[in-house]
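Architecture at a glance
Listed here are the chains, written in short residue letters.
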Amino acid sequence: MHTVTVNGISLGYEEAGSGTVVVCLHGFPLNHHMWRDQLSGLSSQARIVAPDLRGFGMSEVTPGVVTMEQFADDTNGLLDALDINQPIVLCGLSMGGYVAWQFIRKYRERLKGLILCDTRAVADTTEGIENRQRLAKLVHEKGPDAAAAAMLPNLFARTTIEERDEIVQFTRQMMLNNQAEGIAAALLGMAQRPDVRGWLPGIDIPSLLIGGAEDKISSPTEMREIAAAMPNARFVEIPSSGHMSVLENPAAANEAIRDFLDRL
Ligand code: MLT
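All of these numbers come straight from a predicted model, not from anything done at the bench.

Packed helix pairs are characterised by how far apart their axes lie and by the angle those axes make with each other. Between helix 4 (residues 126–142) and helix 5 (residues 144–151), the shortest axis-to-axis distance is 6 Å and the interhelical angle comes to 135°. What the angle tells us is that helix 4 and helix 5 run oblique. Seen from helix 4, the contacting residues are Leu135, Leu138, Val139 and Lys142; seen from helix 5, they are Pro144, Asp145, Ala146, Ala147 and Ala150.

Written as structure tokens, this is what we have:
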């Protein structure tokens, strides 16, 4: 694990491999460990850089609201701090995908490819925003446990829950290792994120979309619609997995990513 100062705060990140840089942005409320199988399984082909976003894991917490744009600015700052000047592939899962939309808007010239995993293009509904605000308050009062209790039941395929408790516990531990202020700030930031569906036809970067066949948060139907609206995107459905496709079925997810990187 390394740390670097970006935009006045300390950010933690892990990296492995060499070659094309693939920056992997984690989902909520997780950290870079969710990319364990990509850090180990793709490092023979690419340089995988997986930061802890502001407020998560080893990275410094800034309380209040952290917007998806702020996370994108931090990602841009991380590239500068690591002297990465060649075009990169940006890979984001769920909240990491929300950050990717903002990165595309502001730093398009830094990208040569996009990998969007189990993510959404729509904004939160009014009810969704209220739920986020309620959960942020609860997390302030009760700690990360409250976020784990709310999120865990929705993240996995049935077979993961029934037969692969290691993955559930690993994910739970990532959640508990975060600080309440960081979790709450990201919740309020996600609640503010815009609807980006109107941007999709203009995103012509080569893009791979992957999503779990049993994803209850960002369904394969929704992911397929996003891919169809982008001029240069392909969707690959990952079997035996829910919202955490890259962790639940790393063999299939890595195969899709490897194939995408080969063709870039
Ligand atoms: C995530 O996995 O990052 C979350 O499900 C995103 C969300 O709550 O919208």
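Moving on: the site of the ligand. Near the ligand the following residues occur: Gly27, Phe28, Ser94, Met95, Tyr98, Arg132, Met151, Met190, Ile217 and His243. In this structure, an oxygen atom belonging to the ligand sits 2.7 Å away from a main-chain N or O atom of Phe28. When the ligand sits alone it has 270 Å² of accessible area, and the protein chains cover 95% of it. Split by residue class, the shell around the ligand holds 6 nonpolar, 3 polar and 1 charged.

As a further point, take the nonpolar core. Core analysis: the biggest nonpolar cluster contains 93 residues, and Met95, Trp101 and Ile210 have the highest contact counts within it. Examining the composition of this core, we find that 8 residues originate from one element, helix 3 (residues 95–107), more than from any other. Setting aside residues no more than four positions away along its own chain, Trp101 makes contact with Leu116, Thr119, Arg120, Ala121, Val196, Trp199, Leu200, Ile203, Ile226 and Met230.

What follows deals with the packing of helix 4 against helix 8 (residues 180–191). Running from N to C, helix 4 and helix 8 point in directions that differ by 170°, and their axes come no closer than 9 Å. In terms of axis orientation, helix 4 runs roughly antiparallel to helix 8. Of the residues in helix 8, those touching helix 4 at Ile129, Arg132, Gln133, Leu135, Ala136, Val139 and His140 are Ala180, Glu181, Ile183, Ala184, Leu187, Leu188, Met190 and Ala191. Across the contact of helix 4 with helix 8, the residue classes break down as 11 nonpolar, 2 polar and 2 charged.

Glancing now at the pattern of salt bridges. In this structure the tally under the stated criterion is 19 salt bridges. Among the ionic pairs, Arg132 bridges to Asp124, the shortest N-O distance being 2.7 Å. Each of the two residues, Arg132 as well as Asp124, counts as buried. One salt bridge connects Glu141 with Lys137, and the closest N-O pair in it is separated by 3.4 Å. Here the residue Glu141 and the residue Lys137 both occupy positions in helix 4, the gap between them amounting to 4 residues, near one helical turn. A residue is classified by how much of its surface remains accessible, and Glu141, at 52% relative accessible area, is exposed. Using a relative accessible area of 53% as the deciding quantity, one classes Lys137 as exposed.

Right, let's get into helix 2 (residues 68–81). The terminal C-alpha atoms of helix 2 lie 20 Å apart, and with 14 residues this matches the ideal 20 Å at 1.5 Å per residue to within 8%. Along helix 2, 10 of the 14 residues are buried, which leaves the element largely enclosed by surrounding structure. Within helix 2 the residues assigned to the buried category are Met68, Phe71, Ala72, Asp73, Asp74, Thr75, Asn76, Gly77, Leu78 and Leu79. With its phi angle positive at about 60°, Asp83 sits one or two positions after the end of helix 2.

So, on to the sheet that holds strand 6 (residues 111–117). Spatial ordering of the open sheet is given by 1-2-4-3-5-6-7-8, a layout of 8 strands whose pairing is mixed. What marks the edges here is a single partner per strand, and that holds for strand 1 (2–6) and strand 8 (233–238). On average, adjacent strands in this sheet sit at an angle of 25° to one another, irrespective of strand direction. Direction of pairing for strand 2 (residues 9–16) relative to strand 4 (residues 47–51): antiparallel, over a ladder of 4 bridges.

Cut-off values and rules
Residues numbered from 1 in each chain as written. Predicted model: local features only at pLDDT ≥ 70, side-chain atom pairs only at ≥ 80, totals over all residues. Heavy atoms only, no water. Axes fitted to C-alpha atoms, helices over the stretch in contact; angles between N-to-C directions. Helix = DSSP H or I, 4+ residues; strand = E, 2+ residues; numbered from the N terminus. Parallel < 35°, antiparallel > 145°, perpendicular 65-115°, else oblique. Contact = heavy atoms within 4.5 Å. Near = heavy atom within 4 Å. Polar contact = N/O pair within 3.5 Å; in protein donor to acceptor, adjacent residues only side chain to side chain. Areas by Shrake-Rupley, 256 points an atom, 1.4 Å probe, with all protein chains shown as cover. Nonpolar A, V, L, I, M, F, W, Y, C, P; charged D, E, K, R; others polar. Core = buried A, V, L, I, M, F, W, Y, C linked by side-chain atoms within 4.5 Å. Buried < 20%, exposed > 50% of the residue type's maximum accessible area, 1.4 Å probe, protein only. Salt bridge = Lys/Arg side-chain N within 4 Å of Asp/Glu carboxyl O. Expected span 1.5 Å × (residues − 1). Pairing = 2+ DSSP bridges.

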